[in-house]
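# Working through the structure, step by step
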Amino acid sequence: MTTPTAIRVAGLTKSYGDRLVLAGVDLSVAPGTVVALLGSNGAGKTTTVQILATLLRADSGEAAVAGHDVATDPAGVRASISLTGQFTAVDEVLTGRENLMLVARLRHLQDAGVLADELLDRFGLVEAARRRVATYSGGMRRRLDIAMGLVGDPPVLFLDEPTTGLDPQARLEVWRTVRDLAGAGTTVLLTTQYLDEAEQLADRIAILHQGRIIAEGTLAELRCLMPPATVEYVERQPTLEDVLLAIVGPDTRPQEIGTTR
Amino acid sequence: MSVGSEAKTPVSGNLAHDTAVLLQRSLRHVLRSPDTIVTTAVTPIAMLLLFVYVFGGALKAVDGSYVDYLLPGILLITIASGIAYTAFRLFTDVSGGIVDRLRSMPIGRSALLWGHVLTSLVANLASLVLVVLVALAMGFRSGAGVLAWLAVAGLLALVTLALTWIAVIPGLTAKSADGVSGFSYPLIFLPFVSSAFVPTAGMPGPVRWFAQHQPVTSIVNTIRDLYAGIPVGDQGWIALAWCFGVLVVAYALAMGTYRRKFG
């Protein structure tokens, strides 16, 4: 069975006290696509994801995930999603394998151990499987975190700033993982503040600014919103390095300084 | 995999099953840092040694063996210090990302809390056994039968449950790891102003009134009578009433806090 839209959001608003965080968000995500919610800190990305993942209630507006309304059928939503939040949600005291088995048991799945071993293999964590997570590197933790979100193959995945705080190597690992997921048909909504990340991973990009989606489309469509490229003359201010070089001068041309004086 | 397929996982959360899974998880935490059980028992054992071997000789007001007299109060102090770890373990989950992961999954809403509460019961029981063993080595003797021992265990379990639900509240609301265990100090101190260390009869008026009417005295007296193998009387009912009363109020407040913060 297919649902026409994996995620449908209309007129979503949310404020904390008198601070308006979401001012009417509209968004539609087709099944099996990767959509990046791009925005600076405080744009409302995490709030949007938390409402969609049933952690927060919206003040008004509608949101449905995999055909389930987040307000009236949160249990249905929870059974169809997984959330990999901004802060890595792994148990430091347990081993990597135990973390995966924990999620499998909580999802009432048979053969938790087999599932855990498959995911460990897929995420290159076999050797670390029986080590406590406290000994893992940042990239390994994030990989385990994402792997925990995949237990039970939920059709819709939320990744909230999946690469924030990771080193470039780990970032590339996460990118590879997300591409694999997209290839397997999972719907992914990821938030990011990095333009290149959105460019690299997303089929469509939605730009969230001051609580509203101000632009949405493929990368090519968004480029069309810009005026055609023009050649501009930009005056270049000298850097401190230029100034220094001009004063002390290279040893081979001492006279030139004299002439500029 | 078909695009946009429905979830294969069942929608309904089963509170008992999910609680069991999370109980197993946090018991693993306790097993991997067994020092928490030992640390919980160290202070009460030190008090036991100090009061029996240092102050005990000067305490003439107590008839019979002082270690027999002292043990019930020491057991309550053990529980009061043990629940600080429950608050700390819960705080760790709440301040990290784990609570959000669990809340976005189709599991029983209060399974996380019940997992921690039952873990507290098991961990405190282990610490209590440790303290009783030390007391036995120090000469503690009881004429209690199996039923009386079971009654003591039941009452201590009830005290643990009541105090654990109190501990859940700072575990959910604390702002820092340092602030999370502060609530337990008054609870550890409470037995000092009761019949736990010396009889209340020798205390000055207002202090005596407080000591005689606060919950520790009735609980300590009940356990003492059970260990001595003599009828418990009204003290037992007062002790039970205190335990259930605190349990109900703390449970309601803790669940209310959880619902308010984590819906």
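Okay, so let's go over this structure. Please read all numbers here as calculations on a predicted model, not as lab measurements.

Conventions used here
- Residues numbered from 1 in each chain as written.
- Chains lettered and ligands numbered in written order.
- Predicted model: local features only at pLDDT ≥ 70, side-chain atom pairs only at ≥ 80, totals over all residues.
- Heavy atoms only, no water.
- Helix = DSSP H or I, 4+ residues; strand = E, 2+ residues; numbered from the N terminus.
- Buried < 20%, exposed > 50% of the residue type's maximum accessible area, 1.4 Å probe, protein only.
- Contact = heavy atoms within 4.5 Å.
- Polar contact = N/O pair within 3.5 Å; in protein donor to acceptor, adjacent residues only side chain to side chain.
- Buried area = accessible area lost by both parts, 1.4 Å probe.
- Salt bridge = Lys/Arg side-chain N within 4 Å of Asp/Glu carboxyl O.
- 1 Å grid on protein atoms, 1.4 Å probe; cavity = no way out; pocket = protein on both sides within 12 Å on 5 of 7 lines; lining within 4 Å.
- Points joined across faces, edges and corners; volume = space filled by probe spheres on them.
- Axes fitted to C-alpha atoms, helices over the stretch in contact; angles between N-to-C directions.
- Parallel < 35°, antiparallel > 145°, perpendicular 65-115°, else oblique.
- Left-handed = near helix turned anticlockwise from the far one by under 90°.
- Nonpolar A, V, L, I, M, F, W, Y, C, P; charged D, E, K, R; others polar.
- Expected span 1.5 Å × (residues − 1).

### What to know about the environment of D91 of chain A
Looking at where D91 of chain A falls in the secondary structure, it is placed in the loop between β6 (81-84) and α3 (96-106). We classify D91 of chain A as buried; its relative accessible area is 2%. It is 8.3 Å that separates the C-alpha atoms of D91 of chain A and A134 of chain A, two residues lying 43 residues apart in sequence. In this view, D91 of chain A contacts N99 and V133 of chain A together with R25, H29 and I98 of chain B; residues no more than four positions away in its chain are not counted. A distance of 3.4 Å separates a polar atom in the side chain of D91 of chain A from the backbone nitrogen of L94 of chain A.

### Quick notes on the interface of chain B and chain A
Listed by partner, the interface residues are 32 residues for chain B and 44 residues for chain A. Between chain B and chain A lies a buried interface of about 3400 Å² when both sides are counted; carbon and sulfur atoms form 59% of it. Across the chain B-chain A interface, the total number found is four salt bridges. Residue R32 of chain B is joined to E98 of chain A by a salt bridge in which the shortest nitrogen-to-oxygen separation is 2.7 Å. Between the two partners, chain B and chain A, sit ten residue pairs in polar contact (both at pLDDT 80 or more).

### Structural notes on the layout of surface pockets
Quantified by volume, the largest pocket comes out at close to 920 Å³. In terms of lining, the largest pocket is formed by 41 residues, of which the most central are Q50, T54, L55 and L56 of chain A together with R103 of chain B. When contributions to the lining of the largest pocket are tallied by element, the ones reaching two or more residues are α1 (45-52), β4 (60-65), α2 (74-80) and β6 of chain A together with α3 (66-95), α4 (98-103) and α10 (234-262) of chain B. Here the lining of the largest pocket gets five residues from one element, more than from any other, and that element is α1 of chain A. Roughly 380 Å³ of internal volume is contained in the second largest pocket. With five residues, the top contributor of residues to the lining of the second largest pocket is α3 of chain B.

### Comments concerning the packing of α3 of chain B against helix α9 (residues 215-228) of chain B
All names here are of chain B. Two elements in contact, α3 and α9, have axes separated by 9 Å at closest approach and are oriented at 130°. Put simply, α3 runs oblique to α9. Where α3 crosses over α9, the two elements pack in a sense that is right-handed. Counting all contacts with α3, which are made through Y69, L71, P72, G73, L75 and L76, the residues of α9 involved are V216, I219, V220, I223, R224 and Y227. Residue classes in the contact of α3 with α9 are distributed as ten nonpolar, one polar and one charged.

### Some points on the side chain of S104 of chain B
Relative to the assigned elements, S104 of chain B resides in the loop between α4 and α5 (111-137). If near-sequence neighbours (up to four positions away) are discounted, S104 of chain B is found in contact with A53, L55, R78, I81 and L83 of chain A.

### Digging into helix α6 (residues 168-183) of chain A
Residues and elements named next belong to chain A. Helix length check: α6, at 16 residues, gives a terminal C-alpha distance of 23 Å against a target of 22 Å (1.5 Å per residue), a fit within 8%. Taken residue by residue, α6 has A170, R171, E173, V174, W175, T177, V178 and L181 as its buried positions. In this structure, the buried residues of α6 make contact with β3 (34-38), α4 (112-122), α5 (138-150), β7 (156-160), β8 (187-192) and α7 (195-201). Of the residues one or two after α6, G185 is the one with positive phi, at around 95°.

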